[in-house]
Amino acid sequence: MGSVRIHAIEAGTQRLDGGAMFGVVPRPLWEKRIPPDDRHRIPLALRCLLIEAADALVLVDTGIGNKESEKFRDIFGVSNEGETGPTKLEDGIRAAGFEPDEVDIVLNTHLHFDHAGGNTVRGPDGTPVPAFPDARHVVQRGEFEFSRLDNERIRAAYPRANIDPVGEAGLWDFVEGEGEIAAGVRVLPTPGHTPYHQSVLVEDGGETACFLADVCPTTAHLPLSWTMGYDVEPLVTMESKRKLWDRAEAEGWLLVFEHDPVVAWGRLSRTGGRPELVPLADDRTGS
Ligand SMILES: [Zn+2]
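A. View of the packing of aromatic side chains. Under the counting rule described, the total for this entry stands at nine aromatic pairs. Each ring, one from Phe 144 and one from Phe 174, has its centre 4.8 Å from the other, and the planes form 45°; the classification is tilted. Taken as a pair, Phe 144 in helix α6 (residues 141-147) and Phe 174 in strand β8 (residues 172-175) lie far apart in primary sequence, 30 residues in all. Among the residues examined, Phe 174 registers a relative accessible area of 29% and is labelled partly exposed. Judged by centre distance (6.3 Å) and plane angle (15°), the rings of Trp 172 and Phe 174 are stacked. The structure contains a cluster of three or more aromatic residues connected by ring pairs, namely Phe 22, Trp 30 and Trp 226.

Below, the structure is given as structure tokens:
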């Protein structure tokens, strides 16, 4: 984007219930877009974004990490074992030319387990410790507080082992609303999936990339009403998408998808009314 290099980092894959991923959309419609396995789950990427900003190396989201039980990994079909580190996230950072300890800022879109799970890893004695102990960790203050509600509908998505050790190390920085996190890296509130969910904009030289995160997890979720059953406020997600697509189309944004099993990024077209993704001309899907 302009002079800022961005990398789609594949931090592994997971499988989530197809019905839950598509909310009220009937299965005959969604299964044509992403076919489910024999346990009704669809494959999903755990794609993170590494941003070489002029003043900081920024990692957006951290995948699932290495702390979950075998039962958890089986239910959610997690495949993220690393070759050079705890998970594929660290492998991907190295493949992009950096060491994990060079990350200056970990930026979480929200704190669900498949976005903040790699914030911490099991230390030598088994207790979770920050995976990026030299990095500041940034999230919306409202999302941090929401994660602590201990409400029956939401708490399973927020294992404390992903969040508390970062706080105990004094590494959290909170933002409220829009804000610049590093040169050319801005956060944009896109509520609905959670009340304080945020997306990330990378802007330089007249170009913009938007890391959507769970406001639109895959290219199949581009239509406004194709929202997830996991969303706590699906009507709010719709309005977040409506605003995003207006800007994305007018300004020619590169849209980056965290969970699409195949496509990392592309540009939006609404020719004919329905929002669709136009792959890049040289077919750099990033995957
Ligand atoms: Zn997610």
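B. Examining the coordination of the zinc ion more closely. At the metal site, the zinc ion is ligated by Asp 114 (OD), His 115 (NE2), Asp 214 (OD) and His 259 (NE2), and these contacts range over 2.0 to 2.5 Å. Written as a sequence motif, the donor residues of the zinc ion are D-H-x98-D-x44-H. Highlighted residues: Asp 214 in the loop between β12 (207-211) and α8 (234-251) and His 259 in the loop between β13 (254-256) and β14 (265-269), separated in sequence by 45 residues. Here Asp 214 falls in the buried class, since its relative accessible area comes to 3%.

C. Molecular detail of the sheet that holds strand β9 (residues 179-182). Judged by pairing direction, the sheet is mixed, and its seven strands sit side by side in the order β9-β10-β11-β12-β13-β14-β15 without closing on themselves. Strand pairing shows two members of the sheet lacking a second neighbour, β9 and β15 (276-278), which therefore form its edges. Here the strands of the sheet are splayed against their neighbours by 35° on average, with no regard to which way each runs. Bridging between β13 and β14 involves three bridges; their strand directions are antiparallel. Within β14, the residue paired with Leu 254 across the bridge is Arg 267.

Calculation rules
Residues numbered from 1 in each chain as written. Predicted model: local features only at pLDDT ≥ 70, side-chain atom pairs only at ≥ 80, totals over all residues. Heavy atoms only, no water. Phe/Tyr/Trp six-rings, centres within 6.5 Å; stacked < 30°, edge-to-face > 60°. Helix = DSSP H or I, 4+ residues; strand = E, 2+ residues; numbered from the N terminus. Buried < 20%, exposed > 50% of the residue type's maximum accessible area, 1.4 Å probe, protein only. Donors = N, O, S within 2.8 Å, 3.2 Å for Na, K, Ca; no water. Pairing = 2+ DSSP bridges. Axes fitted to C-alpha atoms, helices over the stretch in contact; angles between N-to-C directions.

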